[in-house]
Structures are given as C-alpha cells and as structure tokens.
Number of protein chains: 2
Amino acid sequence: MARDRQMRLGAFLMGVGHHAAAWLHPSVDPRALTRLGHYVHQAQVAEAAKFDAIFFADNVAMLGPPSELGALAALPYYFEPLSLLAAIAPQTERIGLVATASATYLPPYHLARKFASLDHLSGGRAGWNCVTSGSDAEAHNFGLDHQYEHAHRYARAGEYVDVVKALWNSWEDGALIADQQARRFYDPTRIHRIDHEGPFFKVAGPLQLDRTPQGHPVIVQAGSSDDGIALAAATAELVFTAQQSREDAIAFRTRLRAAASANGRDPDELLVLPGIMPFVAETREEAQRLHDELLALVDPRLGIGFVSGLMDTDLSQHPLDGPLPEPASTQGWQSRQKLLVDTARAEGLSIRQLIARIITARGHKTVIGTPTEIADLLEDWFAAGAADGFNIMPPILPQGLEAFAEMVVPELQRRGLFRTEYTGRTLRDHLGLPFPQTPALAAAAE
Amino acid sequence: MARDRQMRLGAFLMGVGHHAAAWLHPSVDPRALTRLGHYVHQAQVAEAAKFDAIFFADNVAMLGPPSELGALAALPYYFEPLSLLAAIAPQTERIGLVATASATYLPPYHLARKFASLDHLSGGRAGWNCVTSGSDAEAHNFGLDHQYEHAHRYARAGEYVDVVKALWNSWEDGALIADQQARRFYDPTRIHRIDHEGPFFKVAGPLQLDRTPQGHPVIVQAGSSDDGIALAAATAELVFTAQQSREDAIAFRTRLRAAASANGRDPDELLVLPGIMPFVAETREEAQRLHDELLALVDPRLGIGFVSGLMDTDLSQHPLDGPLPEPASTQGWQSRQKLLVDTARAEGLSIRQLIARIITARGHKTVIGTPTEIADLLEDWFAAGAADGFNIMPPILPQGLEAFAEMVVPELQRRGLFRTEYTGRTLRDHLGLPFPQTPALAAAAE
C-alpha cells in the first residue's frame, strides 16, 4: 500500500526562512534573500532530494509602512516570483516551479501569458497558486482606497480562473506546426478566440503562444475559507492548507474531496498538502534548541505587528497582557488567521500569549524532533488520509531545507513513502495528475 | 576622437529573424523560437562580441486573428519577455537585458517590481523599453472595445513613467541594512511612500524591494512621433528609431538632443540607436543572394497583411496593382509606419510596390554588403552625428547575428569604433550613463 501511494513534497521557500525571527538567527545570512544564488541553491537541494516542487508565496505591497517595527522583519516577498522562477528554471531540470499570483490586480491575459511562458521555458514544470489580495496596502498600490470585499474577490477570482484556463486552451495541442513546405506556421482551424464576456472580465484571446508542455500549468489553491474551498473544488489540482491536528486535516481533506466529487471531478485529481514547519536534528534536544533560540529572538513588538496584521487592528495601542480587542474588519481575513484568533479568544489568551502561540509557524503545524520522529508524524497523517503529502516550510533557509533533505527524506524513502528518482519530466508527472485535454479534443473523443 | 567616443550596439532579437519570411528560409529552424536555448545562444553570441545589450520587442495579443494569412507568419512575440530575460540572466554575465513592456495595460506597480527584480537578478543589467499599446487586438484582451487614442496613450504613459520611477526611487540607496545586531532589516527613515495621485494613477508605494544595482533600470523609448519625442526628451536614456537616411537620422538626433536640453538634461545622457538590418557576407554577391532569397519567400498575401496592419485597413479587398485606399484610422500608427505609407502615397506606389519597398526591414535601414562595406556605413553615420550606435536587427536568427558578430564587429573594433572588452558590469556602465541618485540624496548634495 505504502509503495503504491507515495507522498508529494513541496519545498515552500520564503526569504531566509519561515520563522518570524529567521533573519536574526546567527546561522543565517539575512542578505541572502536579495541574491538569486540563494534561491537557486535551495531549488537544487530540493531537486536532489526529489521534491515535487518548490513554491513561492507572494503579495504586491510592502507589508506595513516603513517603520522601526517593520524593520524588525525581513521582506518575505522580495523578487517578483515569476521572474525568480524563470531564472531558476534553466538551473534545474525536473523540479516543479510553483508561484503565487493574485487574481485581484493583474489582468488575466498577462497572468495566463506569464505562466504559459514559464511552462514552456521550464519544459512543463509550472504551477500557479491562485490567491486573492486581501490587504489594503495592496489595494493602495492599484488605485483603490480599500481592498475588495471577500465574497467579491472570490466571485471575481472564479471568473478569472475561467478566463485564464480558456486562454491556456485557446491553442489546441499540435496547433503550432511550423511547416515550411506548407507555408503554415500554425493551423488556424485549431486556434480559437475565447471571446469571454462576464461580470468582471472581457477578454478576446487567443493567447499569443501555443499550448504548453503540461497542457496547462498545474492550478494550485491555498484558501481554506468556504469561498476558497468552493474555488478549489471547482478548479484546483493541488491545495496548500494550514492544519494543526490530524483530525482537522482529515476533516478538511474529506470535505474538499467531497466537494470535488460533487462537481463531477475525480477527487484523486485534487491533492491536499498541509504546511509543516520541521525543526529536525539528530537529537530531539538539538531540534528543540533551534526552536527555542528562534522563539527567543522574536521581539514582542514584532509579534504585536504580526497579530495586528492578522486582526487588521493596531494592537500596539493595547496592553500586551490584556485581552484581544474586536477586529476592525474581517474582510481581509484568511480562514486560518480567523481560526487562530478565534481559538485565542475562546481560550481567553492575552495578546502576549497569542503571540507565543502562533509566531513560530503562522498557524501551520510545527514538528520538533529527530528524523524518525518527524517521519513518524508525516507517515501517520499520510496513512490516515489527512494529507496527500506536505508543503515543507523550513524555519531557517537554506539550513532547514538542507536538514530535511539530508535527514528526513532518506527516512521517508526507506519506508517506501517517497520517490527515490523522478519517473517523469513534468510537474504533472511528479504529482500523478492527468494531462488536461483541450475542450475541442475532449469533445471529439466522446 | 574615434577612440574616445565609441558606438553602442544592441542586438534586437525577434523570433527566428526580423525578415518577414525568415521562418521560411531553408537555413532557419522555425521551431527555434519556442525554445529557450535559441535565445540563450544569441545572448551569449552577442555577449562574446561585447554588445551593450540584447533587446526584445513585445505586444500583448496575437497579431491578427487565426487565419491562413496569419499562418504565413511566425509569432514574433512568443514568450513574455521579462520571463525570458530572467531565464537568460544567469546564463550571461555582462550583457544588458532590455525588454519592451507597454505602459497601457499593466498596472505600474507590477511593471516597476518586475524590472526592479530583473535588475537585481542580473546584477544591474535591466532596461525598460516603454511603449504604448496601439492595436485594437491588444485592447480586446484587456476589456476594451478599442485602443485608447494616441494622445491619451502618451499622456497616460508620461504619468506612468513618473510613477514607475518614483517606485524605483522609493528606497534610498543603502536603505536595506540587514543589521542583525541592531535588529533592523532596513532603515525606515530612508524608505518613502510615493503617494502618487494623478489623472490616471493612484499608487501609494513604496516598492517591496530595495533600490537596484543600477539605481534604476535604463529607460528606453522607441516612439518617434511628436508625443514619443516629448516623452523621450523628458525621461528616456536610450532611443531606438527607424531612419532610412543619414540626413534624416541627423535631423532626428539633433531634434531629440535639443528637446532634452530644453528639459534641462545633458543631451549626452540620451543615446540614439537607429535600427539596422544587415545582410553581411564575405562577398557582396553572397550578401545580396540572402536578401533576394528572403524577398522571394515573401508571399504577396503576407505583404498585404503586413501593410493592412500598418494601414489598419483590410487591403485584401483592393487590387494588388491599384493605389492605396485611405486608412481607416490613424490612432494606432507609429510615426515610422506613417512615414512609410506617406512616402508610398507621395510616390504613387501601388500596393504591390509598397510591399516590396517595406517588407524586408519594416522601415528600418537595410544594408547589404561585405563586412567592410557595412562598417563603412556605420562609421559614416556615427561620425556624422546620425547615431550614438545601432540596434542590429538580423534578418534571420541566429545566423544573421553570428555573421555580424564574426565579421562586422571585429572590423569596427579594428577601427577603434567599438569596445574589445567590457570595462564595467552594468548596462549603465556599458552605455556610459550616470548612476541616478535618489532625489533625497541629490537634494542633500546640493
């Protein structure tokens, strides 16, 4: 059984680490996040360990205005991620390249073209993590005074994904023929305008490049709100999620698979990868030491800033040991942020206690232990149907990724839970996802 | 004198060549335009020859609807050019990387971030060729029924450039400090919101990454209309232009330099590079043969399609040997397109005659000859003040670039007209352009 069904592993790369104080750790070079080589090295480490993909999150604003408080945090989203993945592509061969891009402020034609270009440039390794932009800081960079409301964002995102997929399918497979003798660069009967007109978008198409090696890039989704689940069930092939317990993860995955089935989809074509922040070392004590060192580096003001961001409320005006005030707004909330804050309120945590609870992994599952202990947990979740694999979020980079690749991956391989070699060339191959036929071909095959 | 002032050379890369029939030539692999390696090879050839930069044009639509006529032409703008340059960056070391991006349909925050990312990723080699989108096909991909009017596009572009530059300057040099001891990742007093509010754009900033190795990417402009010249004189550092004669080129460069001076700028900080399509071989006969082979491959219908595009009028409904009809509209015209059509009308050319006149180089200067003959022409224009250098547009790729690099560049170097080694690391270094200080620093220095 274990040998038939294997885990998928994503390497979630972010700056010099996912931990809020990563850049302050003495083993970390904080300037590394400004250097291409930092990311290329990590991609190569992940590829050598046979990860399915690397993954970059993103937003489109500086988080918070320039301030002494903001200066306590490194910049998590520095390079534009599509440019970064394009630079990494020729320096890797097999590993998938997944980037977040918001469906809120970039016209869908641009997004479809960028990801189609990356899929061609990488030989079929691109994935698009579709998110919506949920902060006023981002809205302010795009002519708006406030972000769109949550439901509006998701309704718009649903149509946006439809437009992007239609553009990706606007050339049938094989429409580019480049036949010098026939003097036909393409077959015009196999290229189609999309002529989309909806409530939010009007786009004629077709795209200006042919269908990509994967048919189209893998579609990823990371929202776990009701709207996010509906969008994922309709269109996503891979879902990243934050889950604190095995039981919650099983419930989430079960719900998502049921929703996909209800949409007439094969639930096995919708993979669920919870985020895991591993603190791994040869001994448990050593792993715990790294965890504790990082927690000790968290300035209380940084935690206040982080929770203020979650709450969309300036908590620096409230006593650190007092209760949480009411949030100013819930429009920008991601579901897991809401979950964390609701939990804190239900348990009556002070602001300080809430910070300590969530600052390490931003709501994702933290695991501290030896390679065996960490592999045990991953196997347990995987076997129980809590996950199709995991999105690994190293606390510090590149060290945390190197440690996972060197210590945990071999243990998973020994157990038959993870590949020892790539068997395909594209991200779809690695994930076991089918090649999406263009609608015209699919219709003809019926 | 020649040794003091040297030419700048750009390698203008487009698909498998600039000639309208390039993809049909038996020496050309038409599918090469879909492969990253095709472009990387050309960038490396240009870098080995010490070119200042490679350059990609762009638009954001398939040119013309899918049709048998369209199928006679290869796709000139296939990959999204910023992604392509990001993939080329780590496979080159010195050569400048210039991409066209339209100021019409991409929000300025996105553009500023993409080019800033490329400048960082490439160690200071990025340039932005700012154009406006002048076709209905592009408008149709972005929710509009028709393109914006010419004057509106340029007024909007002027404000757009201001926003982009303000974002590029929103971090002062040295604002990113990454000081673990002081626990400050950046100096908040040296990062500034831009809070731009104008007729067309409202953007808060700052950018989410620090000032780039070049201060900001080199700003390039390619419009030669009155509006284009005004925009270039205000903000451009490099201008690409189509000039048929030395005298016209002198007049254009003189006018542009005067306009820059009138804006209080040093005219030597605005370089003018006319496009040149070289047919070069060891003998003139051989060079002429390539020219004639390519012209013979041009299907008359393709020429009609091209001129129809220039005229924004379907000429297939008019007799090939009859006169040009009135254009349907002049809103989308670029100045050089207008010049060509006006010339044809003044000379009473038939549609067929107009096609033969302009199909080879789309209005750019064509030069056919031996390396010595071509170097003679370039030296003559350069010495006469017609150009600061040239943007080389090979008729077929990569062969035409290889031929120019192997035969013409050494001749220019022998004459002391072109560098034999790079002396700097950034595109600004190569071009001899100053490092732009951030406004705050410039003010402090006064």
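What counts and what doesn't
Residues numbered from 1 in each chain as written. Chains lettered and ligands numbered in written order. Predicted model: local features only at pLDDT ≥ 70, side-chain atom pairs only at ≥ 80, totals over all residues. Heavy atoms only, no water. Contact = heavy atoms within 4.5 Å. Buried area = accessible area lost by both parts, 1.4 Å probe. Salt bridge = Lys/Arg side-chain N within 4 Å of Asp/Glu carboxyl O. Polar contact = N/O pair within 3.5 Å; in protein donor to acceptor, adjacent residues only side chain to side chain. Domains from an automatic or database assignment. Helix = DSSP H or I, 4+ residues; strand = E, 2+ residues; numbered from the N terminus. Buried < 20%, exposed > 50% of the residue type's maximum accessible area, 1.4 Å probe, protein only. Core = buried A, V, L, I, M, F, W, Y, C linked by side-chain atoms within 4.5 Å. Least-squares fit on C-alpha atoms with pLDDT ≥ 70 in both. Pairing = 2+ DSSP bridges. Expected span 1.5 Å × (residues − 1). UniProt positions renumbered as here; feature names shortened; annotations may be inferred. Axes fitted to C-alpha atoms, helices over the stretch in contact; angles between N-to-C directions. Parallel < 35°, antiparallel > 145°, perpendicular 65-115°, else oblique. Left-handed = near helix turned anticlockwise from the far one by under 90°. Nonpolar A, V, L, I, M, F, W, Y, C, P; charged D, E, K, R; others polar. Phe/Tyr/Trp six-rings, centres within 6.5 Å; stacked < 30°, edge-to-face > 60°. Lys NZ or Arg CZ within 6 Å of the ring centre and 35° of its normal.

1. A few points about the interface of chain B and chain A
Taken residue by residue, the interface counts 75 residues in chain B and 75 residues in chain A. Interface area, chain B with chain A, both sides summed: about 6,700 Å², of which 60% is carbon and sulfur. The largest contributions to the chain B side of the interface with chain A come from Gln180, Arg183 and Phe185 of chain B, which together make up 11% of the buried area. Two residues, Asp58 of chain A and Arg113 of chain B, come together in a salt bridge whose shortest N-O distance is 2.6 Å. At the boundary of chain B and chain A, one finds 46 residue pairs in polar contact (both at pLDDT 80 or more).

2. Description of the domain arrangement of chain A
Once the domains are mapped, chain A shows domain 1 (8-285 + 363-445) and domain 2 (299-358). A separation of 28 Å is found between the C-alpha centroids of domain 1 of chain A and domain 2 of chain A.

3. A word on the side chain of Arg211 of chain B
All names here are of chain B. Mapped onto the elements of the fold, Arg211 is located in the loop between β8 (202-203) and β9 (218-221). Overall, Arg211 belongs to the buried group, its relative accessible area being 5%. A polar contact of 2.9 Å, which involves the side chain of Arg211, links it to the side chain of Asp173. Beyond its immediate stretch of four places on either side in the chain, Arg211 contacts His120, Trp168, Asn169, Trp171, Glu172, Asp173, His216, Phe435, Pro436, Gln437 and Thr438.

4. A look at the nonpolar core
Grouped together as the largest cluster of nonpolar side chains are 253 residues, with contacts concentrated most on Phe51, Ile54 and Ile88 of chain A together with Phe51, Ile54 and Ile88 of chain B. With residues up to four places along the chain from it excluded, the contact list for Ile88 of chain B reads Leu36, Tyr39, Val40, Ala43, Ile54, Phe56 and Leu97 of chain B.

5. A closer look at the relation of the copies chain B and chain A
Take chain B, turn it by 180°, move it 0.0 Å along the axis, and it overlays chain A with an RMSD of 0.0 Å. The superposition of one copy onto the other is thereby described by a two-fold rotation axis. When C-alpha distances to the rotation axis are compared across chain B, the minimum falls at Ala87 of chain B, with a value of 2.1 Å. A symmetric contact is evident, with 100% of the interface residues of chain B recurring at the interface of chain A.

6. Looking at the side chain of Asp58 of chain A
Structurally, the position occupied by Asp58 of chain A is in the loop between β2 (53-56) and α2 (81-88). By relative accessible area, which is 15% here, Asp58 of chain A ends up buried. Setting aside residues up to four positions removed in sequence, Asp58 of chain A forms contacts with Tyr77, Pro81 and Thr100 of chain A together with Arg113 of chain B.

7. Focus on the pairing of strand β13 (residues 389-392) of chain B
All names here are of chain B. Alternating positions in β13 separate into two faces, Gly389 and Asn391 on one and Phe390 and Ile392 on the other, with burial throughout. Inspection of the sheet shows strand β11 (residues 271-280) paired to β13 by two bridges, in the parallel sense. If you follow Ile276 over to β13, its bridge partner there is Ile392.

8. Remarks on helix α1 (residues 36-48) of chain B
The end-to-end C-alpha separation of α1 of chain B is 18 Å, in line with the 18 Å expected for 13 residues at 1.5 Å each. Buried residues of α1 of chain B: Leu36, His38, Tyr39, Val40, Gln42, Ala43, Val45, Ala46 and Glu47 of chain B, and no others. Buried residues along α1 of chain B sit against α3 (108-121) of chain A together with β1 (8-13), β2 (53-56), α2 (81-88) and α13 (399-414) of chain B. After α1 of chain B finishes, the residue Lys50 of chain B shows a positive phi value of roughly 70°.

9. Observations concerning the UniProt feature "binding site: FMN" (unreviewed entry) in chain A
Residues and elements named next belong to chain A. Per the UniProt record, "binding site: FMN" (unreviewed entry) is found at Asp58, Thr100, His150, Tyr154, Ser224 and Ser225. Locating Tyr154 in the fold gives a position in helix α5 (residues 150-168). Within the element layout of this structure, Ser224 appears in the loop between β9 (218-221) and α6 (226-235).

10. Thoughts on the pattern of salt bridges
All told, the structure shown has 49 salt bridges over all chains when counted by the stated rule. Between Glu68 of chain B and Arg184 of chain A there is a salt bridge, with the nearest N and O atoms lying 2.7 Å from each other. You can see Glu68 of chain B sitting in the loop between β2 and α2 and its partner Arg184 of chain A sitting in strand β6 (residues 184-186), one on each of two chains. Taking the shortest distance from any N to any O, the salt bridge between Asp268 of chain B and Arg257 of chain B comes out at 2.9 Å. Of this pair, Asp268 of chain B sits in the loop between α7 (246-262) and β11 while Arg257 of chain B sits in helix α7, and the two are 11 residues apart along the sequence. Asp268 of chain B gets classed as partly exposed once you look at its relative accessible area, which sits at 49%. The network of salt bridges with shared partners includes Asp376, Glu379, Glu411, Arg414 and Arg415 of chain A.

11. Points about the packing of helix α12 (residues 371-383) of chain A against helix α13 (residues 399-414) of chain A
Residue and element names in this part refer to chain A. Their axes nearest at 9 Å, the elements α12 and α13 cross at an angle of 55°. As far as their axial angle goes, α13 and α12 are oblique. At the point where α12 passes α13, the crossing takes the right-handed sense. Facing α12, whose interface residues are Pro371, Ile374, Ala375 and Leu378, α13 presents Phe404, Met407, Val408, Glu411 and Leu412. When its residues are assigned to classes, the contact of α12 with α13 shows eight nonpolar, no polar and one charged.

12. Points about the packing of aromatic side chains
Residue and element names in this part refer to chain A. Scanning all chains against the criterion turns up 32 aromatic pairs over all chains. Each ring, one from Phe55 and one from Phe240, has its centre 4.4 Å from the other, and the planes form 55°; the classification is tilted. One end of the pair, Phe55, is in strand β2; the other, Phe240, is in strand β10 (residues 238-241), with 185 residues separating them in the sequence. Taken together, the aromatic side chains of Phe115, Trp128, Tyr160, Trp168 and Phe201 make up a single cluster linked through ring pairs. It is Arg5 that lies over the ring of Phe382; its NZ or CZ is 3.9 Å from the centre.

13. A look at the environment of Gln243 of chain B
Residues and elements named next belong to chain B. Structurally, the position occupied by Gln243 is in the loop between β10 (238-241) and α7. Each C-alpha atom of the pair Gln243 and Lys365 lies 6.2 Å from the other, and the pair is 122 residues apart in sequence. Contacts of Gln243, omitting those with residues within four sequence positions, involve Asp248, Ala249, Phe252, Gly363, Lys365 and Trp381. Side chain to side chain, Gln243 and Thr241 meet in a polar contact 2.8 Å long.

14. Side note on unusual backbone geometry
Cis geometry is found at the peptide bond from Leu397 of chain A to Pro398 of chain A, where omega equals 5°. Locating Pro398 of chain A in the fold gives a position in the loop between β13 (389-392) and α13. Residues Gly205 of chain B and Pro206 of chain B are joined by a peptide bond in cis, for which omega reads -5°. Residue position: Pro206 of chain B is located in the loop between β8 and β9. Positive phi, normally seen in glycine, also occurs at Lys50 of chain B, with a value near 70°. Inspection of the secondary structure assignment puts Lys50 of chain B in the loop between α1 and β2. Its identity is not glycine, yet Arg183 of chain B carries a phi of approximately 55°, on the positive side.

15. Here we look at the packing of α5 of chain A against α6 of chain A
Residues and elements named next belong to chain A. Running from N to C, α5 and α6 point in directions that differ by 10°, and their axes come no closer than 10 Å. With respect to α6, the element α5 is oriented roughly parallel. Contact residues: α5 offers His150, Ala151, Tyr154, Ala157, Gly158 and Val161, while α6 offers Asp227, Gly228, Leu231 and Thr235. Of the residues belonging to the contact of α5 with α6, the class tally is five nonpolar, four polar and one charged.

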